[in-house]
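What follows is the residue order along each chain.
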Amino acid sequence: FLWSVLILKSVFLFLLLFLSITVFFYLFLTVKKAQRKKKMVEQLPSFLQALASTLQAGYSIPNALEFLENEIENPLQKEIKRINQKRVLRISLEKSLKDFAQTLDHPDIYFFAESTIIQLKTGGNLIKLFKKISTLIEEKLKLERDMKSFTSQGKLSGILIALLWPISLAFF
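About the thresholds
- Residues numbered from 1 in each chain as written.
- Predicted model: local features only at pLDDT ≥ 70, side-chain atom pairs only at ≥ 80, totals over all residues.
- Heavy atoms only, no water.
- Helix = DSSP H or I, 4+ residues; strand = E, 2+ residues; numbered from the N terminus.
- Rg over C-alpha atoms; globule rule 2.2 N^0.38 Å.
- Buried < 20%, exposed > 50% of the residue type's maximum accessible area, 1.4 Å probe, protein only.
- Areas by Shrake-Rupley, 256 points an atom, 1.4 Å probe, with all protein chains shown as cover.
- Salt bridge = Lys/Arg side-chain N within 4 Å of Asp/Glu carboxyl O.
- Expected span 1.5 Å × (residues − 1).
- Patch = residues over 30% accessible without salt bridge, like charges linked within 9 Å, V, L, I, M, F, W, Y side chains within 5 Å.
- pLDDT = per-residue confidence, 0-100.

**Side note on the overall build of the chain**
Helix and strand counts for the chain come out as six helices and zero strands. For the chain, the sequential pattern of α-helices and β-strands runs α-α-α-α-α-α. Its C-alpha atoms give the chain a radius of gyration of 25 Å, more than 25% over the compact-globule value 16 Å for 172 residues. In terms of its C-alpha atoms, the chain occupies a principal-axis envelope of roughly 75 × 60 × 25 Å. Here the chain, with 172 residues, has 27% of them falling under the buried criterion. Accessible area for the chain stands at about 12400 Å²; split by element, carbon and sulfur atoms hold 68% of it.

**A short note on the pattern of salt bridges**
As enumerated under the stated definition, the model contains nine salt bridges in all. In this structure, Lys 121 engages Glu 94 in a salt bridge whose closest nitrogen and oxygen atoms are separated by 3.4 Å. A residue pair is termed long-range when its members are at least 10 positions apart, and Lys 121 in helix H5 (residues 107–122) and Glu 94 in helix H4 (residues 93–104) qualify at 27 residues. Given the relative accessible area of 60%, Lys 121 is considered exposed. Connected via shared salt-bridge partners are Arg 36, Glu 79 and Arg 82.

**Digging into helix H3 (residues 76–88)**
Along an α-helix, a turn takes 3.6 residues, which lines up residues three or four apart on a common side. Taking 1.5 Å per residue as the helical rise, H3 with its 13 residues ought to reach 18 Å, and the 19 Å between its terminal C-alpha atoms agrees with that figure. Among all positions in H3, only Leu 76, Gln 77, Glu 79, Ile 80, Ile 83, Asn 84 and Lys 86 are buried. One or two steps after H3, the chain reaches Arg 90, where phi turns positive at roughly 70°.

**What to know about a nonpolar patch on the surface**
The grouping of Trp 3, Leu 6, Ile 7, Val 11, Phe 14, Leu 15, Phe 18 and Leu 19 at the surface amounts to a nonpolar patch, some 890 Å² of accessible area in total. Residue placement: Leu 19 occurs in helix H1 (residues 2–56). Residue class for Leu 19 comes out exposed when judged on its relative accessible area of 52%.

**Looking at the confidence of the model for the chain**
Confidence in the prediction for the chain averages 90 pLDDT; 98% of positions are at 70 or higher. In the model of the chain, helix H6 (residues 126–171) stands out as the element of lowest mean pLDDT, 87, in contrast to H3, which has the highest, 93.

This is how it looks when you write it as C-alpha cells:
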C-alpha cells in the first residue's frame, strides 16, 4: 500500500512538473512572438521612409527591397529576405506581400501590403504612398505611447489613493 501511494505521488508530481514546464514555454513563446511583432511594427515607419527614398533614387521595387534587406535590422530584415527569396523563386511580389501580411498578422502590415498591391496594379505614386503610410504608423505609435502613459498615471494615482486610506486611518 505504501509503495502505491509513493508511486501515485511521483506520477502526480511528474505530471504537475510536465504541465508547468509546458505552460511556461507556451507563455514564453507567446511573449517573444508579441515582442517580435511589436518591434517589427516599430521598424515599419523607418523601413517605409527608406523604401520611399530608394524608389525616389530610381530603384525599382524589387531592387529597393533587395538593397534595404542589408540596411535594416532584425526582425524585419528576416521578413524582407523572405520576400526577396520568393522573388528569386519567381513568386510574384503581390503573393509575397500577401504572405508577409498573413505571417505577421498585424493591421498596419496588412494596410501596407494591400495598399502597395493596389498601387502596383493601378500605377499610383508609391513614393507618396509609402511616406503617408509611414507618417500614419508613426502617429499611431505615438498615440499608443501617449495613451499608455496617461493610463499608467491614472493607475498610479489610484494605487496611491488606495494606500493613503489605511495610513490616514492609522493616524486619525
